[in-house]
Amino acid sequence: MSLPTPKAPTNPIEAFKNALGNSCFLTFDAFVDWALYNVPFGYYSTNRQRVGKHKQSDFYTSSVLGSLWAELVVESCIDLLGNQNPSDFTFVEIAAEPGCSLLEKIDHPFGNLQVIRLGDPITLTGKVVVYSNEWLDAQPFKHFRFSYQKKEWVEIGVSLIGNEFVEVEIELPDNHNLNLPPHGQPGDLFDWPCGARCALDSLLSDRSWNGLFLTFDYGLPQEVLLHHRPQGTARAYYRHKMTNDLLTRPCEQDLTCHLCWDDLQECMK
């Protein structure tokens, strides 16, 4: 006797319940991953206009500068390659928005172009110039708070009460190595971009390619993140407005936080 096929969720609430499974919460990084990338409701999984100055989009980046930004990137690549011939390299763009790519409308010196969009495997071989614009800061991140009651740092997860997304406190795992400040003020926040490190580790662990890696993102040194940003850096973007209400409009708003440059530099060494 075959079991009935589970019904596909018809809205984000049902999709989140499926993601919960037998658990009562998701860790915050798991929630961010779900909110941004679950199929078919995730913010980046749906066909919507996210980038641009249109009133229905949510934010704009350097890519809206058109050919000017592309020409600046090309000139920078030529300069960084030095005496190497750009025509020997494939220019690879990671996480391009649907229907567009950086160099599609300008003349360029590279031998080939490769565009990797959401869902495509990141497969690199030979000599490449890898370019990403706000790819690493679109990865999951963890969310911590200095607890009012416990007077110590706790990890934040996300649960569901009725149809409302709510934060829940989780005990920190024993193996965490974030060097959180030993003392804090109740309510202090800290956001750790764990997904960025995982994405970069995966990219750099593949030794079948060599060349340049250029990433354009926003970030801060770990010292600043730990000791000079008591409200954290996590935020949401919706219709060109920034908010720190991270649980409002799940799957409809972008979620992000600052990267940690020290961590990424150590990874790239």
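See the structure printed just above.
Keep in mind that this is a model prediction, so the values were computed, not measured.

## Brief notes about the nonpolar core
As a rule of thumb, soluble globular proteins bury nonpolar side chains together.
Part 1 of the argument: Within the largest apolar cluster, 28 residues are counted, with the highest numbers of intra-cluster contacts made by Phe16, Phe28, Phe31, Trp34, Phe165 and Leu255.
Part 2 of the argument: Element by element, the count of residues in this core is highest for helix α2 (residues 28-37), at six residues.
Part 3 of the argument: In this structure, Phe31 is in contact with Phe16, Leu26, Val158, Phe165, Leu246, Leu247, Pro250 and Leu255, ignoring residues within four places of it in sequence.
Part 4 of the argument: Listed in part, the 17 residues of the second largest apolar core include Ile116, Leu136, Ala199 and Leu259.

## Some points on helix α4 (residues 194-205)
Part 1 of the argument: Helix length check: α4, at 12 residues, gives a terminal C-alpha distance of 17 Å against a target of 16 Å (1.5 Å per residue), a fit within 8%.
Part 2 of the argument: For α4, the full list of buried residues reads Cys194, Gly195, Ala196, Ala199, Leu200 and Leu203.

## Details of the pattern of salt bridges
Part 1 of the argument: For the coordinates displayed, the defined rule picks out seven salt bridges.
Part 2 of the argument: Here Arg197 makes a salt bridge to Asp201, at a shortest N to O gap of 3.1 Å. Of the two residues, Arg197 and Asp201 are both situated in helix α4; the distance of four residues between them amounts to about one turn of the helix.
Part 3 of the argument: The class of Arg197 is partly exposed, set by a relative accessible area of 24%.
Part 4 of the argument: With a relative accessible area of 33%, Asp201 lands in the partly exposed category.

## Digging into the sheet that holds strand β11 (residues 235-238)
Part 1 of the argument: Reading across the sheet, the three strands line up as β12-β11-β13 and stay open at both edges, with antiparallel pairing between neighbours. A strand with exactly one partner marks an edge of an open sheet, and here the two such strands are β12 (241-243) and β13 (254-256). When the angles between neighbouring strand axes are averaged without regard to direction, this sheet yields 25 degrees.
Part 2 of the argument: Two strands pair when backbone bridges link them, and β11 and β13 are joined in this way by three bridges, in the antiparallel orientation. The residue bridging Arg235 from the neighbouring strand is Thr256, located in β13.

Calculation notes
- Residues numbered from 1 in each chain as written.
- Predicted model: local features only at pLDDT ≥ 70, side-chain atom pairs only at ≥ 80, totals over all residues.
- Heavy atoms only, no water.
- Core = buried A, V, L, I, M, F, W, Y, C linked by side-chain atoms within 4.5 Å.
- Buried < 20%, exposed > 50% of the residue type's maximum accessible area, 1.4 Å probe, protein only.
- Helix = DSSP H or I, 4+ residues; strand = E, 2+ residues; numbered from the N terminus.
- Contact = heavy atoms within 4.5 Å.
- Expected span 1.5 Å × (residues − 1).
- Salt bridge = Lys/Arg side-chain N within 4 Å of Asp/Glu carboxyl O.
- Pairing = 2+ DSSP bridges.
- Axes fitted to C-alpha atoms, helices over the stretch in contact; angles between N-to-C directions.

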